[in-house]
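Spelled out from the first residue to the last, the chains are:
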Amino acid sequence: MKKHNFSAGPCILPETVFQEASQAILDYNNSGLSILEISHRSKDFVDVMEEARSLSLELLGLENKGYKALFLQGGASLEFLMVAYNLLEKKAAYLNTGTWADKAIKEAKLFGEVDVVASSENRNFNYIPKKYTVPEDADYFHCTSNNTIFGTQMKRFPKTSVPMVCDMSSDIFSREMDFSKFDLIYAGAQKNMGPAGTTLVIIKEDILGKVSRKIPAMLNYKSHIDKDSMYNTPAVYAVYISLLNLRWLKAQGGISGIEEKNKKKAQLIYSEIDINPLFKGFAAEEDRSKMNATFNLVKDSLKERFDKSWKDAGINGLTGHRSVGGYRASMYNALPLESVQILVDVMSDLERKA
Ligand SMILES: *Cc1c(COP(=O)(O)O)cnc(C)c1O
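Residues numbered from 1 in each chain as written. Predicted model: local features only at pLDDT ≥ 70, side-chain atom pairs only at ≥ 80, totals over all residues. Heavy atoms only, no water.

K.L.:
Quick rundown of the site of the ligand? Include the residues and the values.
P.N.:
Lining the immediate surroundings of the ligand are Gly75, Ala76, Ser77, Phe80, Trp100, Thr144, Asn146, Thr148, Asp167, Ser169, Gln190 and Lys191. Measuring from an oxygen atom of the ligand, one finds a backbone N or O atom of alanine 76 at 3.1 Å. Interatomic distance of 3.5 Å between a side-chain N/O atom of tryptophan 100 and an oxygen atom of the ligand. Surface burial for the ligand is 88%, taken as the share of its 390 Å² of free accessible area covered by protein chains. Considered class by class, the residues forming the shell around the ligand number 3 nonpolar, 7 polar and 2 charged. (Near = heavy atom within 4 Å. Polar contact = N/O pair within 3.5 Å; in protein donor to acceptor, adjacent residues only side chain to side chain. Areas by Shrake-Rupley, 256 points an atom, 1.4 Å probe, with all protein chains shown as cover. Nonpolar A, V, L, I, M, F, W, Y, C, P; charged D, E, K, R; others polar.)

If you want it as structure tokens, here you go:
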């Protein structure tokens, strides 16, 4: 039986995507060939890459606005480094909202001065700092829209005159925003866009070419843009599955369609966390993530019972990250509302029988 999959990443994808992806391994487009054995320079695959790139921009409302979409490798973690390599000349401003932001900061420090404009480390990153200013002389400002581990999400972004870079790994394509406020967006595919193995980078071309250092070709955004994201062999299958997922998303009514569903899922879980005296939310209420809900049991003595109940109910991937403990329900785009209802039923059942 298919599990209710709350895994934080790699994560659930739509069943139809899994089916189409399986078929493409056996016979891609009735070509008599598997997608795994064709040249990445063949028309069949170039079409996949081009559609994936253009559909990404279309869904984000960024067509014809000077942006390029790339499907790279190395995960979001390589972007921590590439962003600084390509954009940091003297000083960059970073908002520290958790583990991933902290890693991005560490990489940027290899290339220049880093001004951490604010941090929520003092309360184990359970909130988003609000009062800070981004220095006008920074080469760029970097933030993390959704903090996968701590379950916080930025609801507002600062107005700045400097380029804005955002790690959207765990909430890209989940909510409507004016994406043109950002100059560079990156996201590892495996949280909300596809399988592990590729990273989407959306970049406004005019922010490039301003640093004086020499950049190795593979780490240079320009090389990848000039070769239409085919500078070297891309992660063919991961890009293809991402495309299937993006097509699925478009059929759901795009980002605005899926956002409605995501809101309902988040409302359902958070209202249970708030109403059920056996549970306590981890993240500050106003900063709660609609993708990853973090919560704890009030009494440790109930842990064994609760863990058995959700596992018996067919739920997978609810254990919290080791740096937070407790539980984390990741509710990415493909997770149905019914799965959240099953979890909520298990939680309220625990209260009734406690
Ligand atoms: C998972 C995650 C990363 C790291 O992604 P990799 O693809 O494993 O390098 C970075 N940022 C955020 C917000 C994440 O959730």
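K.L.:
So, the UniProt feature "binding site: pyridoxal 5'-phosphate" (unreviewed entry) in the protein: which residues are in play, and what are the values?
P.N.:
Here the UniProt feature "binding site: pyridoxal 5'-phosphate" (unreviewed entry) sits at Ala76, Ser77, Trp100, Thr148, Asp167, Gln190, Asn232 and Thr233. These residues run over 158 residues, and the two farthest C-alpha atoms among them are 30.3 Å apart, placing them at more than one spot. A relative accessible area of 40% means that serine 77 is categorised as partly exposed. Beyond its immediate chain neighbours, meaning those up to four positions away, threonine 233 contacts His40 and Gln73. (UniProt positions renumbered as here; feature names shortened; annotations may be inferred. Buried < 20%, exposed > 50% of the residue type's maximum accessible area, 1.4 Å probe, protein only. Contact = heavy atoms within 4.5 Å.)

K.L.:
Before we move on, could you go through the packing of aromatic side chains and cite the residues and values that matter?
P.N.:
Applying the stated criterion across every chain yields a total of 12 aromatic pairs. Where phenylalanine 157 meets phenylalanine 182, the ring centres are 5.0 Å apart and the plane angle is 85°; that geometry is what we call edge-to-face. In this pair, phenylalanine 157 sits in the loop between strand S7 (152–153) and strand S8 (164–167) while phenylalanine 182 sits in the loop between S8 and strand S9 (184–188), placing the two residues 25 residues apart along the sequence. Across the pair, phenylalanine 182 and phenylalanine 157 agree in class, each one buried. What links up through ring pairs into an aromatic cluster is the set Phe279, Phe295, Phe306 and Tyr327. Here arginine 123 stacks its cationic end above the ring of tyrosine 127, 4.3 Å away from the centre of that ring. (Phe/Tyr/Trp six-rings, centres within 6.5 Å; stacked < 30°, edge-to-face > 60°. Helix = DSSP H or I, 4+ residues; strand = E, 2+ residues; numbered from the N terminus. Lys NZ or Arg CZ within 6 Å of the ring centre and 35° of its normal.)

K.L.:
Go over the sheet that holds strand S4 (residues 113–119), please, and point to the residues and values.
P.N.:
If you trace the 7 strands from one edge of the open sheet to the other, you get S2-S10-S9-S8-S5-S3-S4, paired in mixed fashion. Looking at strand neighbours, the two that pair on one side only are strand S2 (67–72) and S4, the edges of this open sheet. Mean inter-strand twist for the sheet, computed between neighbouring axes without regard to direction, equals 15°. Pairing analysis gives 2 bridges linking strand S3 (residues 91–96) to strand S5 (residues 141–144), with the strands arranged parallel. Residue pairing in the sheet places alanine 93 in a bridge with phenylalanine 141 of S5. (Pairing = 2+ DSSP bridges. Axes fitted to C-alpha atoms, helices over the stretch in contact; angles between N-to-C directions.)

K.L.:
Before we move on, could you go through the domain arrangement of the protein and cite the residues and values that matter?
P.N.:
Each assigned domain of the protein is listed with its residue range as follows: domain 1 (15–251) and domain 2 (254–353). On the side of domain 2, 25 residues touch domain 1, which itself brings 29 residues to the contact. Summed over both partners, the interface of domain 1 with domain 2 comes to about 2,200 Å²; 52% of that surface belongs to carbon and sulfur atoms. Linking domain 1 to domain 2 there are 2 salt bridges. We note a salt bridge from lysine 130 to glutamate 286, for which the minimum N-O separation is 3.1 Å. Applying the counting criterion to the domain 1 and domain 2 interface returns 20 residue pairs in polar contact (both at pLDDT 80 or more). Among the elements that make up the side of domain 1 that touches domain 2, the one with the highest residue count is helix H6 (residues 236–251) (3 residues). (Domains from an automatic or database assignment. Buried area = accessible area lost by both parts, 1.4 Å probe. Salt bridge = Lys/Arg side-chain N within 4 Å of Asp/Glu carboxyl O.)

K.L.:
Mind laying out the sheet that holds strand S11 (residues 279–281), listing which residues take part and the relevant values?
P.N.:
Sheet architecture is open: 3 strands sit in the order S11-S12-S14, paired in antiparallel fashion. Two strands in the sheet have a free side with no partner beyond their single neighbour: S11 and strand S14 (327–330). The mean inter-strand angle of the sheet, taken between neighbouring strand axes irrespective of direction, is 35°. Pairing geometry for strand S12 (residues 292–297) and S14, over 4 bridges, is antiparallel.

K.L.:
Provide a residue-level description of the packing of helix H8 (residues 303–312) against helix H9 (residues 337–353), including the pertinent values.
P.N.:
It is at 10 Å that the axes of H8 and H9 come closest, and there the two elements cross at 140°. Taken as a pair, H8 and H9 cross one another with a handedness that is right-handed. Of H9, the residues touching H8 (which contributes Arg305, Phe306, Ser309 and Trp310) are Leu343, Val346, Met347, Leu350 and Lys353. (Left-handed = near helix turned anticlockwise from the far one by under 90°.)

K.L.:
Quick rundown of the UniProt feature "domain: Aminotransferase class V" (unreviewed entry) in the protein? Include the residues and the values.
P.N.:
When the UniProt feature table is mapped to this numbering, "domain: Aminotransferase class V" (unreviewed entry) covers residues 5–343. Secondary structure across residues 5–343 comprises 33% helix and 17% strand; the distance between its end C-alpha atoms is 11 Å.

K.L.:
Describe in detail the pattern of salt bridges, supporting the description with residues and values.
P.N.:
Tallied over the full model, the rule gives 18 salt bridges. In this structure, aspartate 47 and lysine 43 form a salt bridge, with 2.7 Å as the shortest nitrogen-oxygen distance. Separated by 4 residues within a single helix, aspartate 47 and lysine 43 lie in helix H2 (residues 43–59), roughly one turn from each other. Residue aspartate 47 is classed as partly exposed on the basis of its relative accessible area of 37%. For the salt bridge of lysine 353 with aspartate 349, the shortest nitrogen-to-oxygen distance reads 2.9 Å. Taken together, the positions of lysine 353 and aspartate 349, both in helix H9 and 4 residues apart, correspond to about one turn of that helix. Judged by relative accessible area, aspartate 349 falls into the partly exposed class, the value being 26%. One continuous salt-bridge network, built from bridges that share partners, spans Glu50, Arg53 and Asp228.

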